[in-house]
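# Reading the structure
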Protein chains: 2
Amino acid sequence: MALFDLLGRSWALGVVWQLSNGGMTFRQIQESCEKVSPTVLNRRLKELTTSGIVERGASGYQLTATGLELFGILKPFGTWSTKWAESLPKDDLHE
Amino acid sequence: MALFDLLGRSWALGVVWQLSNGGMTFRQIQESCEKVSPTVLNRRLKELTTSGIVERGASGYQLTATGLELFGILKPFGTWSTKWAESLPKDDLHE
DNA sequence: ATATATCGCTACGAAAAAAGTAGCAAGAAA
DNA sequence: TTTCTTGCTACTTTTTTCGTAGCGATATAT
């Protein structure tokens, strides 16, 4: 349940998702996440770092081995979500 | 990304997780989630309902077919999270 | 050296979300 | 009728997030 607490915060899942493409700079993440406020992004990155999911590397922030493992689990959401989105009226996504 | 927005709200993942055990009443969910405030629980349930993940049945709230499918994807988190929790100092879970 | 640009990040006020507590209306049971 | 439980709303306080501005550090160019 602590995992859901961590990942259930704003942008946490999005950051992990984005970082799966490789290392990104702070501002790159910021832009790819539809402009997250730097305050929150910084907080999420710190949380994910002390949780051993994200680390800093040569090319900026990147997933740790553990983080990549987590992304492996997260991956199926991608395909599932497109199916799911089609089964809904567009407006429902904004509630 | 809309999926992460929906599931990245407080208790959303927790509710889906709890409901996987079968139908639950409003108050049962409330207690199993370490006392979520009714305000938020009600909102999450409405969101998940209009998103076709949760529905109301004879025994209270329950997952739809789509919801069960989602839980199938969510399931691996369970085993992964225990491993993950062990690889961390206890305190890190509270940040 | 000076100017320019990009980087990670902090500060700060406003807005939104969640917590926490109380309690109501409806239905079932005694 | 009284008593319970259930789903849920109301209301206030606390926490989180947003949105914008901008600093200090490093790099690159002039």
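Please refer to the structure higher up on the page.
## Brief notes about helix α2 (residues 12-19) of chain B
Most of α2 of chain B is tucked away, with seven of its eight residues classed as buried. Those residues of α2 of chain B not exposed but buried are Ala12, Leu13, Gly14, Val15, Val16, Gln18 and Leu19 of chain B.

## Topic: the packing of α2 of chain B against helix α5 (residues 65-74) of chain B
Residues and elements named next belong to chain B. Running from N to C, α2 and α5 point in directions that differ by 105°, and their axes come no closer than 10 Å. Considering their axes alone, α2 and α5 lie roughly perpendicular with respect to each other. Here Leu13, Val16 and Trp17 of α2 come into contact with α5, specifically with Leu70, Phe71 and Leu74. Of the residues that constitute the contact of α2 with α5, the class distribution is six nonpolar, no polar and no charged.

## Some words on the interface of chain B and chain A
Opposite the 36 residues of chain B that make contact, chain A presents 35 residues. Interface of chain B and chain A: buried area, both sides summed, is about 3200 Å²; carbon and sulfur atoms make up 72% of it. For the chain B face of the interface with chain A, the top three residues by lost area are Phe4, Phe77 and Trp80 of chain B, together amounting to 22%. Lys83 of chain B serves as the salt-bridge partner of Glu69 of chain A, at 2.9 Å between the closest nitrogen and oxygen. At the junction of chain B with chain A, the criterion picks out five residue pairs in polar contact (both at pLDDT 80 or more).

## Comments concerning the environment of Phe26 of chain A
Residue and element names in this part refer to chain A. In this fold, Phe26 is placed in helix α3 (residues 26-32). The exposure class assigned to Phe26 is partly exposed, which follows from its relative accessible area of 24%. The contact partners of Phe26, leaving out residues within four places of it in the chain, are Pro38, Leu41, Asn42, Leu45 and Tyr61.

## Considerations on the pattern of salt bridges
All names here are of chain A. Summed over the entire model, instances satisfying the criterion amount to eight salt bridges over all chains. For Arg9, the salt bridge is made with Asp5, and the minimal N-O distance between the two is 3.3 Å. Its relative accessible area of 40% is what places Asp5 among the partly exposed residues. For Arg44, the salt bridge is made with Glu47, and the minimal N-O distance between the two is 2.8 Å. Linking Arg44 with Glu47, this pair stays in helix α4 (residues 38-50), spanning three residues, or about one helical turn. Its relative accessible area of 8% is what places Arg44 among the buried residues.

## With respect to the relation of the copies chain B and chain A
When chain B is fitted to chain A, the best match, at an RMSD of 0.0 Å, comes from turning it 180° and sliding it 0.0 Å along the axis. On the angle and the small slide along the axis, the relation comes out as a two-fold axis. Judged by C-alpha distance, Gly8 of chain B is the residue of chain B that lies nearest the rotation axis, at 2.2 Å. Of the residues that chain B buries at the interface, 97% are likewise interface residues in chain A, meaning the two copies contact each other through the same surface.

Conventions adopted
Per chain, the residues get numbers from 1 upward, laid out in the order the sequence is written. Chains carry letters from A onward and ligands carry numbers from 1 onward, assigned in written order. Confidence filtering applies because this is a predicted model: local features only for residues at pLDDT of at least 70, side-chain atom pairs given and counted only at 80 or more, and all residues used for totals across whole chains, interfaces and linings. Note that the side-chain values use all heavy atoms of the structure and ignore hydrogens as well as water. Only protein chains enter the accessibility calculation, which uses a 1.4 Å probe; a residue is then buried when its area is under 20% of its type maximum, exposed when over 50%, and partly exposed in between. Comment: elements are numbered from the N terminus, with helices defined as DSSP H or I runs of at least four residues and strands as E runs of at least two. Axis definition: a line fitted to C-alpha atoms, limited for helices to the stretch in contact. Angles are taken between N-to-C directions and run from 0 to 180 degrees. For classification purposes, an angle smaller than 35 degrees is called roughly parallel, one larger than 145 roughly antiparallel, one from 65 to 115 roughly perpendicular, and anything else oblique. Every residue pair with non-hydrogen atoms within 4.5 Å of one another is taken to be in contact. Note on residue classes: Ala, Val, Leu, Ile, Met, Phe, Trp, Tyr, Cys and Pro are nonpolar, Asp, Glu, Lys and Arg are charged, and everything else, Gly too, is polar. Buried area is understood as the total, over both parts, of accessible area removed when two parts are fitted together, assessed with a 1.4 Å probe. The term salt bridge refers to a side-chain nitrogen of Lys or Arg lying within 4 Å of a carboxyl oxygen of Asp or Glu. Two N or O atoms form a polar contact when they lie within 3.5 Å of each other; inside protein one atom must be a possible hydrogen donor and the other a possible acceptor, and for residues adjacent in sequence the pair counts only when both atoms belong to side chains. In superposing the copies, a least-squares fit is computed on C-alpha atoms, taking residues whose pLDDT is at least 70 in both.

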